[in-house]
Amino acid sequence: MGLTAHVLAIDAGNSKTDVAVIGADGTVLGAARGGGFQPPVVGVDAAVDGLAEAVLPALTLAGVEGVEHVSACLANADLPVEEAQLAQALAARVWGRTVEVRNDTFAILRAGADEPLGVAVVCGAGINCVGMRPDGATARFPAIGRMSGDWGGGAGLAEEAMWFAARAEDGRGEPTALVRTLPGHFGLDSMYALIEALHLGHVPYARRHEMTPVLFATAADGDRIARGLVDRLGDEVVAMASVSLTRLGLLAEEVPVVLGGSVLAARHPALDDRIAGLLAVRAPKALIRVVSAPPVLGAGLLGLDRTGAAPAAHDRLRAQYT
């Protein structure tokens, strides 16, 4: 390996990948963006090939051939065995002397925390939670879906809203304004029409996520069923956060609870109030933070943590993203 930089930070989500090459002083020397990272769909080798499409241009921009350490926070690295498999695949590319792979939720946590300490709950298409302490201890959930006890996320909320609205229309369930607001969003006049359009592909599957903001708007207008779903999501966020804090022995400590992902970052007042109220009871010293910095910052900070970089390097890196 020739000339090297310090850290290669990779934040790879389902829809996009961000890469940064970072010097020992925290300066970003090169950066690039690539496509989504989905090893369950395309296989590990093909997924890592996709990472290379962003990594290699970033290394070229930085004028280096490799780095001391690769800090990769990857979607679909939900279990430790998957992290180990992906770490082996990245090490084979010889982009860095050492490699560490974590689930991408750790990037959200580190981006929103002043040190590797705290808990993060991410609610985008799905929901996940991780926690960490500076001594290396972590807390996490499998976050594979209902089979691992998870509930929530934009996709889950859309599915629940559809369930209640369908039953309200055909008489099996309680009345709810969702029976009008969900199909109305797509220019349709009934839940039957929306179900048919989704089933036949006339409304693309990818548009289901549009139902989540409709659910929140319907809840804000006073619909009891919609508000119940919003409250349940708040309950799930607090349950995950408080369990993680307990596992790490931090429940009574003043530590950040970082909230990220499109659903939580949207700052819906009812959801925010529910989370704040419940956390005040379950973890009264928790400091709620909604992260706005890009997750690649968190991957970079984790890399600087791992390599023992000076605090000034952390500060310099954060300043370039915030």
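In this report, we go over the structure that sits alongside the text. (Residues numbered from 1 in each chain as written. Predicted model: local features only at pLDDT ≥ 70, side-chain atom pairs only at ≥ 80, totals over all residues. Heavy atoms only, no water.)

Okay, the packing of helix α8 (residues 211–220) against helix α9 (residues 224–247) next. Two elements in contact, α8 and α9, have axes whose closest approach is 7 Å; the angle formed by their N-to-C orientations is 115°. Considering their axes alone, α8 and α9 lie roughly perpendicular with respect to each other. As α8 packs across α9, the resulting crossing turns out to be left-handed. Each of L215, F216, T218 and A219 in α8 lies in contact with α9, whose residues at this interface are A226, R227, L229, V230 and L233. By residue class, the composition of the contact of α8 with α9 is seven nonpolar, one polar and one charged. (Axes fitted to C-alpha atoms, helices over the stretch in contact; angles between N-to-C directions. Helix = DSSP H or I, 4+ residues; strand = E, 2+ residues; numbered from the N terminus. Parallel < 35°, antiparallel > 145°, perpendicular 65-115°, else oblique. Left-handed = near helix turned anticlockwise from the far one by under 90°. Contact = heavy atoms within 4.5 Å. Nonpolar A, V, L, I, M, F, W, Y, C, P; charged D, E, K, R; others polar.)

On inspection of all chains with the given rule, the structure shows 17 salt bridges. In this structure, the salt-bridge partner of K16 is D18, at a minimum N-O distance of 3.2 Å. Given a relative accessible area of 30%, K16 falls into the partly exposed group. With its nearest N and O atoms 3.4 Å apart, the salt bridge here joins R289 to D114. Taken together, the positions of R289 in strand β10 (residues 287–290) and D114 in the loop between α4 (105–112) and β6 (118–123) put the pair 175 residues apart, joining distant regions of the chain. Beyond isolated ion pairs, a larger network of salt bridges with shared partners links R227, D231, D235 and R274. (Salt bridge = Lys/Arg side-chain N within 4 Å of Asp/Glu carboxyl O. Buried < 20%, exposed > 50% of the residue type's maximum accessible area, 1.4 Å probe, protein only.)

Below, the discussion takes up the pairing of β6. Burial analysis of β6 places six of its six residues in the buried class, the great majority of the element. Burial of β6 is two-sided: the residues G118, A120 and V122 facing one way and the residues V119, V121 and C123 facing the other way are all buried. The pairing of β6 with strand β7 (residues 127–132) spans six bridges and is classified as antiparallel. The residue bridging C123 from the neighbouring strand is I127, located in β7. Note that β6 and strand β9 (residues 256–260) share four bridges and pair parallel. Bridge assignment links A120 to a residue of β9, and that residue is V258. (Pairing = 2+ DSSP bridges.)

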